[in-house]
Each structure stands twice: as structure tokens, then as C-alpha cells.
Amino acid sequence: MSHLSRIWIALIAVCVVSFGILLYLGSEIYQKAPPIPEKIISVEGEVLFTKEDIEAGQLVWRSMGGHQTGSIWGHGSLVAPDWNADWLHREALLMLESLAQQEYGAAYDSLDEASQAFLQKKLTQDMRRNSYDAATGVVTLSEIRADAVQDLTAYYARLFGADPEFQSLREQYALKENPVPDAGRRERLAAFFFWSTWATVTNRPGETISYTSNWPYEPLVENTPTPGVLGWSLFSIVLMIAGIGALAWYHASLKHEPLPQPSANDPLLSAKLTPSQRAVGKYFLTALGLFLLQIGLGGITAHYAVEGQDFYGIPLSELLPYTVTRTWHTQLAVFWIATAWLGTGLFIAPALSGHEPKFQKAGVNILWLALVVLVLGSMFGEWAAVQQVWDLDTSFWFGHQGYEFVDLGRFWQFVLLFGLMIWLTLVVRAIRPALRERHDHRPVVYVLFLSSIAIGLFYAAGLFMGKHTHIAIAEYWRWWVVHLWVEGFFETFATAVVALMFVRLGLIRAKSANSAVLFSTVIFLTGGILGTLHHLYWTGAPTSVIAWGASFSALEVVPLALIGFEAYESFRLRKASPWMSRYHWAVMFFVACAFWNLVGAGMFGFLINPPISLYYLQGLNTTPLHAHTAFMGVYGMLGIGLILYCTRQFADGRFWDDRLLKWSFWTLNGGLAMMALFSLLPVGVVQFTAALEHGYWYARSPEVIHSPLVETLVWMRLPGDVLFAFGGLFIVWFALKVMFRLKRSSEAVPVTETS
């Protein structure tokens, strides 16, 4: 059996076993998710909430922006509180005050430590007791707790309404005025907040840990890390070290063949572009336009952290509140990078096969129109939903689904899936002849083909989240989209594309590319598929998820430990031959991708991956630290590199401006580094310290978020943001210059296109 055959078998085995385990654990989540009771009543029989209230409240939360307005179970935005930590702490304080009056006839703060400890013990017993009756579906609350719940229901009704006494707090939370105008919706929102908080502190039947494994950290009710959280964290670190050692041993044992002698001239210069390849140019320009828009929205969103309702004194929140700008900012990140990568697929497929199918150009143009409709339509729907102009059903279908990175309404999800099916059809019909041919790089083409199928199909996992899907189950399927679709199969696709680019340029041997791509895919997916579970530690999943997630998310770091070799090889290739100067900055963006893969995905990713660290860091600024440096640093830089490589095929030296590309490269990377090191990381450290000292609620409170130190650190982000924005302007300016010069050239000298 050949070496390549063994790697193919390993790849198939990894996928079959990993997805089998992932689906099994999904069934466990379905069965062991926190129950939604039919009724929540007081000991006196008063009905506080019903199941319909809780489910309607979840829809209200989703319609107003969901994860983009604070967080639930630690997932979401960062300026408003985590609503569960906020409710839990407020409920505990209200109950302690009532218990103090009941037991001692005095205020809780006036009691000595022994008396306070006694009351905290009573509080803990009351709140952690699981009173859910599976036979009747009823949860019964003590009289003191029922009173606290009613007080908090009134509190949140005022906060999410137009009560002038709460105006300052709404501004600190970056909420627009009167975010939920309907009083009935506000009461149902409180029902959802209570139930999702109840799950964080209520012990699972027969156990001494809550449905969310004692998250968030709240010492008042003994919500502290479990022994399993610490144990699996230590095991994951040991496993990661062992994995890095094994991979380093394997890498050292390989026979490294010298690179082939490059040809005297660029082998792609003689290649004639097909009509569909020329039509792909609009995808790259669209991607860069969306990138520039995303940068602008990111600046507005970041500013809302210091002026919650204004933008340098302009009352912007009534038209574009924080929830909308953050929704668009995160969604456009997916849209522009996906557009760049999908455009690359459409460009490279005919190049690999030498075949231009009938009506391929028409398909490319139709798909681009569908993309424009999707982007504009979904953005309008999200804005309208946050403005609460629609009923909850319409909001679900055409507005805001409330789940980060899959915010777009269900109708727009179908449009996106339909567009992906068109893309998959166009790529497959163009690449099919290359699959039948016997050539040296056939295995890499098959990896490209299979990853294209996965990209086309795996977004459908987002459709398993229905209107009333339990949030624990919705989180499970959401991360299939965010982690597997975006971070998994797109990365596999990009690895194959980059390898094929260098093979076509004659810079690496096809045999070497085959082994490298297949092996890296095996290693990446070994940790990547089950590594999805590290997002689900505190989302109502069983504790087995922590064990699997901790172990395999640690393995995700293993291939990144040797990423420096990839960066060095890419850096060397840019000078392999004089004509490689044509691709200098494309290769440099690939080098940047490798650098940020190590720093953003590796270092900053593992910072929040072990359960014990994520227990305290979930939803703090260490999360956007990882997100920005990994998403933009890895996928964004790679997307720009792919755009430059493809664009170089129809733009010769007359249309190329290396000076703008140089400025763009260094300002984008420098700005990203400044943003991370001057602001996001130090703010995350400040919040981490606050969480350790006072509880998670405090790290997300205005006392920390709007403290002079943190607001100063937020302003420290401005130089990096401005520098990064200039990088975006430079790359868009470069693209526009290429487009206009090509247009003038084509008008002066008519070009005959051939298939």
C-alpha cells in the first residue's frame, strides 16, 4: 500500500469516527439539555411563567439581536452584561436581603461574617435545589425566590423599555432607547432570562453540578469550577505537548526533497482566461468593498464601548444602534471572506481542467446577483428586526435570528444555501475533467473537490435550528456552521487551493503537494471536528462534552506549532525565480496568514480553550482578541492573498501597483497587532482579574467596562484601528486602479475572449 493510500484511509477514518462521536454527543445534548418547564410557580401556587412565555421570550431576545445584545451562557457581545450572570447575581442579592430581614431583622450588609455565611448557605440550598417535577413539568420556587423573580421581571421590563431612570444604564449597555417597546414582549423576555439563569445554578438530577457545569462563576451560590473542569484542562495540556512532540518527530523523519528548478518564465503568462474567469473579477471587487464596509462598522461598534448611544456626540443609536452595527460587522466578515474564497474556486476550477462549460459565465453572473440580493436583503431585515417593526414570526423569517454569525433570517439562510448550491454546481462541472485525468496532482484536486462539496452542504446544519429550538441544541448546530463550515472546510479548501497555485507555478512538486495537503488535512480535522465541542462547555451540554472538547481542541493547536515551517517555505518561494516578483505580495499575505495562524489561532486560541481558563474568560475581551487575530489574521489575509493571485492572471505590470500593496500589507498587519496588544489583550486581563476577585458578573459590569482604566484602553485601540482602516483603503484603491486601467485598456484595444 502506498504512502498516499495510507493517508487517504487515515483521512476517511478520522472523518467517520469524529463525526460519529460528534453526532452521538449531539444526541446526548438533546436528551440532557435543561428542561423547559410547563409552568414555573411559587409554593403558594401562583404561576410566574409558562413554557409559552419562555419560548416566546427566546424569540423576543432573538428578534432584538440576541447574541448581539449582551450574552446568554457566555456567548454574544461584550458591552452589555451576560444576562445570566447579571440575573443570577441580582437574584442572589435580593434573596440575601430578604433572608437577612427574615432571620435577623437587619440589612444583609450590616451583618457579621458568620451570619452572612449562614445566609449564603441557605441561599445556596434554595437556588441549587432542583424542584423540577418531570411528571407534571412544573418548577416550584420558594416564596422568597418567587418575590425576587417578580422584582427582577419588573426591573428588566423597565430596562428594556423607555423608563427615564434607566437611561444612563441603557447607555452604558449600548442599548438604544426603548429597545423593546411592547410591554408583553418585555415580560416574556424576562421569562427567558430567568429560565436560562435557572439552568446555570440548578443541580442536574442526582448530581451536585448545574446544567451549565456551574458556569458562570458566582461564589454567593457556590457556582465554582468542578473537579472535572480542572482535570480535563490539565489532561488537554499534556495531550497537546505530546501531540506537538509526535508531529515534530514525524516532521524530522521526513525526507525533504529539494524544490524543483523553476522555469525561466511565468508558466501562467501564456494561459488564456476564459469568459467565466474574467467575470469572477467582480467577486473580488465586491469582497474588498464589503471588507471596507466591515472596517467602518467595526469602528462604530468599538466606539459604542465608550459612548453607548452616540458616535462622537451624534445620536446614532436611534438609526444604527450597537446591535445593528455589530451584527453587520460580524456578518460582513463572513460574507467578504467567503466571497473571496468562493470567487477563487470559480476562477481556479476552469484553470485546473482547461475546460469552460456551457453557460459558465452566465452562472457566475447570476450567482453574483444572488450574492448582492442576499447581502442587502439580509442587512435590511436585521435592521428592521432590531427596530421591532415586525411581529416575531416575520422577524424569524426575514429579520434577525439572534445567533452570532448566523444572524440572517431563515428566508435569507435558504437564499444563501441556494447560492452555495449554484456555486458547487459551477465548480464541479468545471473541475470534473480534471478529476478524470491521470496527473501528478490529482489527490490535491480531489481534496479541493471534496472540500467544495462540504462547503456547499455543511451550511445546511444551520437550518436544524428552528423557531422554538431549545437554545442548548441551537448552540450545537450553530457551531457546526461557525466552526466546521467556516473554520474547518473552508480552511481545507484554501490549503488545497494554495498548494495547487504553487504546483501550477512550478515551485513545488505535485508529489510533495499531495502528501503535504492530505497529511495536513488529516492532522487538522483530527482536532478540528471534535474541537467544535470546546464552544459548548457551558451551554447546557453534559459533562462528557467537556472531556471530548478539552482533549481535541488541544489537538487543534498541534499543527499550528510547526506553522513556522510553512511560513518560511512560503517566504522562500517568493524569490524562487525573478518572475515570482509578480506574486510577491500575494505570497506575503500567505506568510501573514501563517503568522496569525500561530499567534491568533494557536496562542490566543489556546489561551481560552482549556475548560479552566474558559470558565473565567468566556465572553471577556480575550474572546475578540482570538476572533480578530484568527478570523482576520488567518482567513482575511488568506482571502486577500487569493484575490491577488487570481487578479494577477488578468493584470500585467501596466496595471499593477506594488507600492499600494506594500502599504496595505504592513498597515493591515501592524494595525491588527496594535489593536490586539494595546487594547483587546489588556482589557481582557483587567476583566479576568475582576472575575477572579468578585465573580463573573463583575467583569461584565459597568463598574469594570466603564472604569477609567478600561475606557482608556478602549481609546488605545484607536491608533491600531485607524492604521488598519488605511490598510483597507489601500487595498481597495489598488483594486479600483486595476479595474479602471483594465477597462481603459480594453476600450482602446478590443479583446476577443475564447473558451
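Structural data are supplied above this passage.
1. Describing the overall build of the chain
In terms of helices and strands, the chain carries 28 helices and 5 strands. Against the 2.2 N^0.38 benchmark of 27 Å for 755 residues, the chain shows a C-alpha radius of gyration of 27 Å, consistent with a compact globule. Counting only C-alpha atoms, the chain reaches 90 × 60 × 45 Å along its principal axes. Across the 755 residues that make up the chain, the buried fraction comes to 62%. Taking as baseline every contact in the chain between residues at least 6 positions apart, the subset at least 24 positions apart corresponds to 77%. Just so you have it, the chain exposes about 28,400 Å², and 65% of that area is on carbon and sulfur atoms. Distance between charge centroids for the chain: 18 Å, based on 50 positive and 57 negative side chains.

2. Some words on empty space enclosed by the protein
Under the defined criterion, the tally for this structure stands at 7 cavities of 30 Å³ or more. Taken as a whole, the largest cavity holds about 310 Å³ of empty space. In terms of lining, the largest cavity is formed by 23 residues, of which the most central are Phe335, Leu342, Leu371, Leu374 and Leu416. For the lining of the largest cavity, the secondary-structure elements that each account for two or more residues are helix 11 (322–353), helix 12 (360–386), helix 14 (410–436) and helix 16 (471–504). The biggest single contributor to the lining of the largest cavity is helix 11, with 6 residues. Residues that form the lining of the largest cavity fall into these classes: 20 nonpolar, 3 polar and no charged.

3. As for the sheet that holds strand 5 (residues 138–141)
In space, the 3 strands of this open sheet follow the order 2-1-5, with mixed pairing throughout. In the strand order of this sheet, the two ends are held by strand 2 (47–50) and strand 5, each with one partner. Strand-to-strand twist of the sheet, defined as the mean angle between neighbouring strand axes without regard to direction, takes the value 20 degrees. Note: strand 1 (residues 39–42) against strand 2, 3 bridges, orientation antiparallel. Within strand 2, the residue paired with Ile40 across the bridge is Phe49. Strand contacts of helix 2 (residues 51–63): strand 1 and strand 2, with the helix running at about 55 degrees to strand 2, the strand carrying the most contacts. Packed on one face of the sheet, helix 5 (residues 143–159) meets strand 1, strand 2 and strand 5 and runs near 60 degrees to strand 2.

4. Remarks on the nonpolar core
Among the nonpolar cores identified, the biggest contains 233 residues, and Leu159, Phe160, Phe193, Trp341 and Leu644 are the most heavily contacted of them. Element by element, the count of residues in this core is highest for helix 16, at 25 residues. Of all hydrophobic cores here, the second largest spans 16 residues; its members include Leu111, Leu123, Val201 and Val221.

5. A closer look at the packing of aromatic side chains
Here the structure, examined in full by the defined rule, presents 61 aromatic pairs. Between Trp548 and Phe552, the ring centres sit 5.8 Å apart and the planes meet at 20 degrees, which makes this aromatic pair stacked. Of this pair, Trp548 and Phe552 both sit in helix 18 (residues 544–556), separated by 4 residues, roughly a single helical turn.

6. Quick word on the side chain of Lys737
Along the chain, the position of Lys737 falls in helix 28 (residues 717–748). Take Lys737: its relative accessible area is 19%, and that puts it in the buried class. Not counting residues up to four positions away in its chain, the partners in contact with Lys737 are Asp657 and Leu660.

7. Quick notes on a nonpolar patch on the surface
Where nonpolar side chains cluster on the molecular surface, the patch consists of Tyr312, Trp715, Leu718, Val722, Phe726 and Leu729 and spans about 570 Å² of accessible area. Of the residues forming the nonpolar patch, the biggest block, 4 residues, is contributed by helix 28. For Leu729, the location among the structural elements is in helix 28. The exposure class of Leu729 is partly exposed, given its relative accessible area of 44%.

8. What about a negative patch on the surface?
A surface patch of negative charge is lined by Glu44, Glu46, Glu143, Asp147 and Asp151. Among the secondary structure elements, Glu143 is positioned in helix 5.

9. Here we look at unusual backbone geometry
Between Trp215 and Pro216 the backbone carries a cis peptide bond, its omega angle lying at 5 degrees. With a phi angle near 60 degrees, Gln388 is a residue other than glycine that sits in the positive phi range. Here Gln388 lies in the loop between helix 12 and helix 13 (392–398). The exposure class assigned to Gln388 is buried, which follows from its relative accessible area of 13%.

10. Brief notes about the environment of Val364
In this structure, Val364 sits in helix 12. Sequence-distant contacts of Val364, that is, excluding residues within four places in its chain, are made with Ser276, Ala279, Val280, Tyr283, Leu346 and Leu426.

11. Overview of the packing of helix 11 against helix 16
How two helices sit against one another is set out by the angle between their axes and by the gap between those axes. Between helix 11 and helix 16, the least distance of the axes is 11 Å, while the angle of their chain directions is 40 degrees. One way to sum up the angle between helix 11 and helix 16 is to call them oblique. Here helix 11 and helix 16 pass one another in a crossing that is left-handed. Judged by residue contacts, Val334, Ala338, Trp341, Leu342, Thr344, Gly345, Ile348, Ala351 and Leu352 of helix 11 engage Trp485, Phe490, Glu491, Phe493, Ala494, Val497, Leu500, Met501 and Arg504 from helix 16. Partitioned by chemical class, the residues of the contact of helix 11 with helix 16 number 14 nonpolar, 2 polar and 2 charged.

Analysis parameters
Residues numbered from 1 in each chain as written. Predicted model: local features only at pLDDT ≥ 70, side-chain atom pairs only at ≥ 80, totals over all residues. Heavy atoms only, no water. Helix = DSSP H or I, 4+ residues; strand = E, 2+ residues; numbered from the N terminus. Rg over C-alpha atoms; globule rule 2.2 N^0.38 Å. Buried < 20%, exposed > 50% of the residue type's maximum accessible area, 1.4 Å probe, protein only. Contact = heavy atoms within 4.5 Å. Areas by Shrake-Rupley, 256 points an atom, 1.4 Å probe, with all protein chains shown as cover. Lys, Arg positive; Asp, Glu negative; His and termini not counted. Charge placed at Lys NZ, Arg CZ, Asp CG, Glu CD. 1 Å grid on protein atoms, 1.4 Å probe; cavity = no way out; pocket = protein on both sides within 12 Å on 5 of 7 lines; lining within 4 Å. Points joined across faces, edges and corners; volume = space filled by probe spheres on them. Nonpolar A, V, L, I, M, F, W, Y, C, P; charged D, E, K, R; others polar. Pairing = 2+ DSSP bridges. Axes fitted to C-alpha atoms, helices over the stretch in contact; angles between N-to-C directions. Core = buried A, V, L, I, M, F, W, Y, C linked by side-chain atoms within 4.5 Å. Phe/Tyr/Trp six-rings, centres within 6.5 Å; stacked < 30°, edge-to-face > 60°. Patch = residues over 30% accessible without salt bridge, like charges linked within 9 Å, V, L, I, M, F, W, Y side chains within 5 Å. Salt bridge = Lys/Arg side-chain N within 4 Å of Asp/Glu carboxyl O. Parallel < 35°, antiparallel > 145°, perpendicular 65-115°, else oblique. Left-handed = near helix turned anticlockwise from the far one by under 90°.

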